[in-house]
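Breakdown of the fold
Next come the chains, spelled out residue by residue.
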Amino acid sequence: MAPWYLSIIFLVFAVYSSAAPSPSSTSLSKRLLTKSSLAQVPRGWNLHGTPPRHHTIKLRIGLRQSNFAELERALFQVSDPSHIRYGLHLSKEEVKDLIAPHPETLTLVESWLASHGIDIDSLDRSTAGDWIAVVVPIHQAESMLGADYRTYKHESTGAEIVRVTSYRLPEHLHDHIDVVHPTTMFGGTLRPTVSRTRIRQRDTGAAVDASCSTLTTLKCLQDLYNTAGYKPRAPSKNAYGITGYAGQFANLADLKLFYQQYLPEATNFTFKEVLINGGQNSQNLSQAGVEADFDMQYAGGLTFPTQNIFYSTGGSPPYIPDANSPSNTNEPYQDWLDYMSTLQEDEIPQTIATSYADDEESVPPDYAIRACQGFAQLGARGVSLLFGSGDGGVGSTEGSACFSNDGKNTTVFLPSFPATCPYVTVVGGTTGIPEVAVEFSGGGFSNYFSRPSYQSEVVNSYLQGLGTTYAGLFNSTGRAYPDVAAFSTNFTTIYEGQSELLYGTSAATPTFGAVISLANDALIAANKPPLGFLNPWLYSGGYKALNDITSGSNPGCGTAGFSAGVGWDPVTGFGTPDFQKILAALGLGQ
Ligand SMILES: *[C@@H]1O[C@H](CO)[C@@H](O)[C@H](O)[C@H]1NC(C)=O
Ligand SMILES: *[C@@H]1O[C@H](CO)[C@@H](O)[C@H](O)[C@H]1NC(C)=O
Ligand SMILES: *[C@@H]1O[C@H](CO)[C@@H](O)[C@H](O)[C@H]1NC(C)=O
Ligand SMILES: *[C@@H]1O[C@H](CO)[C@@H](O)[C@H](O)[C@H]1NC(C)=O
Ligand SMILES: *[C@@H]1O[C@H](CO)[C@@H](O)[C@H](O)[C@H]1NC(C)=O
């Protein structure tokens, strides 16, 4: 920890910095320029007070990665079946070399920190050195960032966090620091996209419908997606990971009851639990998460006996004001990504599904871009990452009204994040037999990420058909989602010892992921590399192995939403999986 008196120098600096904007001739300019700024306090949060100045805060500084452009190029090449590098996924070391900061970045940032009396030798650094963490008193963070920390309280959860509505950095560091956290990323809105019907039935055994038309079970999904009868051949070499945030953990007693009822041979089957950054796993039945329970029941049930891993990542409110403990940072994706970056090749699951989402506009761009780049690293290492598209149709996945938060408060469609990240595969929802788009299926266009070339042809063609409909309500140059879809209604689940029916793109995501995990099993058994990042394969022909969903729509924001149709659409993407066709497309058909 820096001697406190050194921060005095910095206070002088901060005052000076707000003076005349003349750029100094030295490279170490003292001018602070805005790095990130919010037009308004994010919805749901209210100003609550001022944190005591001597309380500590753990600042995490995301340094510019030296060669992300090359990482992205490698990601697309190793994921593109027509490229000579297809399947040659990057090693941990190769990724590390591409994302390690340039020496100049390190020198400049370290001298900035040293100028604030921070001991460079005591910095906490990520594996590749692209993140630095430092614990400082709030008053020092305020002078470093030219910002005012305040306490904000969440309207519905009562959670308290310490944040700023804008922050600044010395001009010469803008090209070397991507993001500092906690600053303008409020979070607290990250939510599981699963919902429960009001019906709680004790006895679903009698009502199981093998066709999925009214009740969805493991059995009907296996029939629907053509995995019935497939026995995994590489269950110890292949793994299926599920992430959990917002305090969720999966209850083992519920899992056992579920298997007893729906897959008796798996009765004693369980999963590996990984706790990250204070992730919870009390196994107290009344604290288990419905999303986590559900995810593990279907992930495991559809891929049994493939190894399953549940990642429970902490970092959510409440913030407990305590002078001795650094304030809670609430940035779960980054904590999870940090953990994953420490793993060796054989420790990373080939398929990982995530059923949590925020409205894109509630995640500041600098934070969203950096998290998305983290997902690209996992894709480059050969992981198929699946995310739910959100449950608000073209509107908010958080259930808020369709207004922009850019200070203009205009009516707009609200895309969800991480669905808008171009380096992940996004799953929308269907219902009914034959399947049609479900009305809550999140779909739309990013305002942060431009359209990746792998999808430009099909998306442009969809937009041509759409004409000027909804012009101004969405960003026609953005990354469009979802990429694919799966069933999403009336999934029978055991939660807190009882049967429940669940729905949401949360149900679709582990389901689609399970089919991909089985395809990876077949590839591994045939001594081939796993699928890795799916989109270049999907958009260049893999889509032919999916069932195109051609009717239904995703209304929201007072509109009828987008319509599903022949080919790709922003409701169900290319559609739902057909496992046998996927195997055939991969040259593994029987
Ligand atoms: C879900 O199940 C309930 C109760 O069985 C039924 O009323 C409803 O129609 C079902 N919904 C769908 C979309 O299948
Ligand atoms: C589960 O474990 C119990 C106790 O060891 C054993 O009696 C039972 O046969 C096992 N069931 C299965 C399906 O393996
Ligand atoms: C289980 O959780 C409930 C609800 O949070 C709590 O009231 C109860 O005391 C907990 N039980 C145990 C044994 O910790
Ligand atoms: C945005 O506009 C709507 C409708 O005019 C209004 O209800 C809402 O309060 C406004 N929100 C803000 C933050 O101004
Ligand atoms: C539209 O998306 C692009 C990225 O494709 C972005 O640069 C631009 O700022 C977005 N426009 C608005 C109004 O958000």
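Residues numbered from 1 in each chain as written. Chains lettered and ligands numbered in written order. Predicted model: local features only at pLDDT ≥ 70, side-chain atom pairs only at ≥ 80, totals over all residues. Heavy atoms only, no water.

**Describing the overall build of the protein**
- Of regular secondary structure, the protein possesses 14 helices and 27 strands.
- Here the protein, with 590 residues, has 59% of them falling under the buried criterion.
- As presented, the protein carries roughly 21800 Å² of accessible surface, and 52% of it is formed by carbon and sulfur atoms. (Helix = DSSP H or I, 4+ residues; strand = E, 2+ residues; numbered from the N terminus. Buried < 20%, exposed > 50% of the residue type's maximum accessible area, 1.4 Å probe, protein only. Areas by Shrake-Rupley, 256 points an atom, 1.4 Å probe, with all protein chains shown as cover.)

**A short note on the site of ligand 3**
- Contacts to ligand 3 come from Asn 284, Ser 286 and Gln 287.
- Here Asn 284 contributes a side-chain N or O atom positioned 2.3 Å from an oxygen atom of ligand 3.
- In the environment of ligand 3, an oxygen atom lies 3.1 Å from a nitrogen or oxygen atom belonging to the side chain of Gln 287.
- Compared with its free state, where it exposes 370 Å², ligand 3 has 26% of that area covered by protein. (Near = heavy atom within 4 Å. Polar contact = N/O pair within 3.5 Å; in protein donor to acceptor, adjacent residues only side chain to side chain.)

**Things to note about the nonpolar core**
- Leu 59, Trp 112, Leu 145, Trp 336 and Phe 562 are the most contacted members of the largest nonpolar core, which has 151 residues in total.
- Ranked by the residues each element gives to this core, the list is headed by helix H12 (residues 505-525), at ten residues.
- Taken domain by domain, the makeup of this core includes at least three residues from each of domain 1 (3-16 + 29-181) and domain 2 (196-585).
- Ignoring sequence-local partners within four residues, the contact set of Trp 336 consists of Thr 243, Tyr 245, Ile 276, Tyr 311, Thr 313, Ile 352, Phe 375, Leu 378 and Leu 385. (Core = buried A, V, L, I, M, F, W, Y, C linked by side-chain atoms within 4.5 Å. Domains from an automatic or database assignment. Contact = heavy atoms within 4.5 Å.)

**Examining the pattern of salt bridges**
- Counted under the stated rule, the structure contains 14 salt bridges.
- Across the salt bridge formed by Arg 125 and Glu 110, the nearest N and O atoms sit 3.0 Å from each other. Residue Arg 125 is found in strand S4 (residues 124-125), and its partner Glu 110 is found in helix H4 (residues 103-115); the two are separated by 15 residues along the sequence.
- The partner of Arg 370 in a salt bridge is Asp 130, and the shortest N-O contact between them spans 3.1 Å. (Salt bridge = Lys/Arg side-chain N within 4 Å of Asp/Glu carboxyl O.)

**Examining the UniProt feature "binding site: Ca(2+)" (unreviewed entry) in the protein**
- The feature "binding site: Ca(2+)" (unreviewed entry), as annotated in UniProt, sits at Asp 548, Ile 549, Gly 567 and Asp 569 in this numbering. A maximum C-alpha distance of 9.6 Å is found for the annotated residues, which run over 22 residues; spatially they form one tight group.
- Here Ile 549 shows up in the loop between strand S26 (546-547) and strand S27 (576-577).
- With a relative accessible area of 3%, Ile 549 lands in the buried category.
- Here Ile 549 is in contact with Thr 430, Glu 435, Val 436, Ala 437, Ala 564, Gly 565, Asp 569, Thr 572, Gly 575 and Thr 576, once residues within four sequence places are set aside.
- Tracing the sequence through the fold places Asp 569 in the loop between S26 and S27.
- By relative accessible area, which is 0% here, Asp 569 ends up buried.
- Apart from residues no more than four positions distant in its own chain, Asp 569 is found in contact with Tyr 462, Pro 482, Ile 549, Ser 563 and Ala 564.
- Among the polar contacts listed, one links the side chain of Asp 569 to the backbone nitrogen of Gly 565, at a separation of 3.1 Å. (UniProt positions renumbered as here; feature names shortened; annotations may be inferred.)

**Structural notes on the sheet that holds strand S9 (residues 177-181)**
- Strand order in this open sheet of four strands is S4-S5-S3-S9, and the pairing throughout is antiparallel. Among the strands making up the open sheet, the edge pair consists of S4 and S9.
- Looking at chain direction, strand S3 (residues 56-63) and S9 are connected through four bridges and run antiparallel. Paired with Ile 61 across the bridge in S9 is Val 180.
- Packing against the sheet, helix H10 (residues 365-380) makes contact with S3, strand S5 (131-137) and S9, and its axis sits at approximately 110 degrees to S9. (Pairing = 2+ DSSP bridges. Axes fitted to C-alpha atoms, helices over the stretch in contact; angles between N-to-C directions.)

**Thoughts on the UniProt feature "active site" (unreviewed entry) in the protein**
- The positions that UniProt labels "active site" (unreviewed entry) are, in the present scheme, Glu 291, Asp 295 and Ser 506. Judged by maximum C-alpha separation, these annotated positions cover 216 residues in sequence but sit close together in space, the widest gap being only 7.9 Å.
- Mapping Asp 295 onto the fold places it in helix H8 (residues 290-303).
- Apart from the residues within four sequence positions on either side, Asp 295 is in contact with Ile 242, Thr 243, Ser 355, Ser 506 and Pro 510.
- Position of Ser 506 among the secondary structure elements: in helix H12.
- Side chain to side chain, Ser 506 and Glu 291 meet in a polar contact 2.6 Å long.

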